[in-house]
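Listed below, chain by chain, are the residues.
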Amino acid sequence: MLQSFVRLILFFAVLQQAWSVDYLQQQQQQQQSASTSLQATEPGVEHTPAANATPATATATATEAEREENLRTIAQLPGLEKLAVPNGAYLKPFLVPRPVGSEEHRQVQDYIRRTFTALGWHVEEDRFDDRTPLGVKTFNNIIVTKFPEATRQLVLSAHYDSLYFPPPNEKRFIGATDSSVPCAMLVDIATSLNSRLDRLRGTGRGLQIIFFDGEEAFVKWGPTDSTYGSRHLAKVWSAGSSRAASSANGAAPPRSRIESIEMLVLLDLLGVKDTILRDLQTTTTAQFKRISQLERRAAADAASDDDYYFRPYGEFGFRSGIQDDHVPFVQRGVPVLHLIPPVFPEVWHQFTDNASALDEATIRHLTIVMRVFVADYLGLAQF
Ligand SMILES: [Zn+2]
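Model, not experiment: these values are computed from the prediction.

About the cut-offs
Residues numbered from 1 in each chain as written. Predicted model: local features only at pLDDT ≥ 70, side-chain atom pairs only at ≥ 80, totals over all residues. Helix = DSSP H or I, 4+ residues; strand = E, 2+ residues; numbered from the N terminus. Buried ≥ 20, exposed ≤ 12 C-beta atoms within 10 Å, placed from the backbone. Expected span 1.5 Å × (residues − 1). Arc of directions from axis to C-beta. Contact = placed C-beta atoms within 7 Å. Pairing = 2+ DSSP bridges. Axes fitted to C-alpha atoms, helices over the stretch in contact; angles between N-to-C directions.

Novice: What is the right way to look at the environment of Arg231 in this model?
Specialist: Residue placement: Arg231 occurs in helix α5 (residues 228–239). C-beta crowding within 10 Å serves as the criterion here: with 22 such atoms nearby, Arg231 is assigned to the buried category. C-alpha of Arg231 to C-alpha of Pro328: the two residues are 97 residues apart in sequence and 5.5 Å apart in space.

Following this line, the structure appears as structure tokens:
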């Protein structure tokens, strides 16, 4: 008892320091780097990342204590019960076999459309045909956006298709971690933060979610048989011009949609107990550290270090070559936070990747941390 009390005090002291010093420095750097990147729009200049520090808003008014309290409130917002395994309202629609082209795949698209339309978000679809080893297939990325006119989007993402198995096994694989749980987490984050996100209206910043299609290979993973949706979207958005006519602060608007992505956060293979996440991308090390700090604050009653999932330690040399939907964006200079356990769950691509593999406490924990991180990143705790 005494030991855990001492531990709590120590946490508080350490985190308070991390919060006030590190965070404020990050904010200043971010403001500088954000304005630099918005002005650096010479033709041929690659997308300039602005994501390696936490953005600040010019209208920040909350004191440290108020911000702390706001983040705590966000962590405790209702809705987590909708991630209950297996019948929680956010999770159940995704816990079905949903290979590209199946009826369930279509139903999941309907669910995403319906849910985000009801939230008042802009829903758009990137529908296209592509050749696969099993013939031409139609894919459909779904992009939902709180403020589509914003020129600086924090983008969260996961893939909603599931791995295809040929008959007679076509209905046997669910992919609960891959990626039913990440999709359900995204629904929670959008829903729980929706009214707070209204405060960003007119600021030029916003939250966007991409549900990628066709992440899985049909026959054998390779550059032309996998990540169909993300490869297509990254290409289309690199060529297309931004919808935004001008940005809120008078700076030059991004030239293409891909440049409106401040940072792409990709969630994958989440939901089993004992998940360990590592800092996998050099462009977002500061953000990974930030998540880790916030996790320790949000879960200050955790019994031991083992209860923390975000482990920035040993960051040197722990870079991954994991292939996933982030790659086409990384290749185009987008800062990416890839939240995937580098040691894949044991059930990965097995028929056992179903509801029985999931750990509800882990899902709730990760969702709380992500809520708080998104709120913190977008400055929603400053009001
Ligand atoms: Zn997979």
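From this point on, the discussion continues.
Novice: Looking at this structure, I do not really get helix α2 (residues 64–75). What am I missing?
Specialist: Every α-helical turn comprises 3.6 residues, leaving residues that sit three or four positions apart pointing alike. With 12 residues, α2 ought to run about 16 Å at 1.5 Å a step, and its terminal C-alpha atoms sit 17 Å apart, in line with that. Listed in full, the buried residues belonging to α2 are Arg67, Leu71 and Ile74. On an axial view of α2, the arc spanned by its buried residues comes to 60°, and they lie on one face. Away from its buried face, by an angle of more than 90 degrees, α2 presents the exposed residues Ala65 and Thr73. Elements that come into contact with the buried residues of α2 comprise α8 (360–377).

Novice: It is not clear to me how the sheet that holds strand β2 (residues 135–145) should be interpreted in this structure. Could you clarify?
Specialist: The strand order across the open sheet formed by six strands is β1-β2-β4-β3-β5-β8, and the pairing between neighbours is mixed. This sheet does not close on itself; its edge strands, each paired only once, are β1 (122–132) and β8 (336–339). In this sheet, adjacent strand axes meet at a mean angle of 20° when their direction is disregarded. With eight bridges joining them, strand β3 (residues 152–159) and strand β4 (residues 205–212) adopt parallel strand pairing. Looking at β4, one finds that Ser157 is bridged to Ile210. Along the sheet, helix α3 (residues 103–118) makes contact with β1, β2 and β4, crossing β2 at roughly 15°. In the packing of α5 onto the sheet, the strands contacted are β1, β2 and β4, and the crossing angle to β1 comes to about 115°.

Bear in mind that shape data such as this cannot, by itself, settle questions of function.
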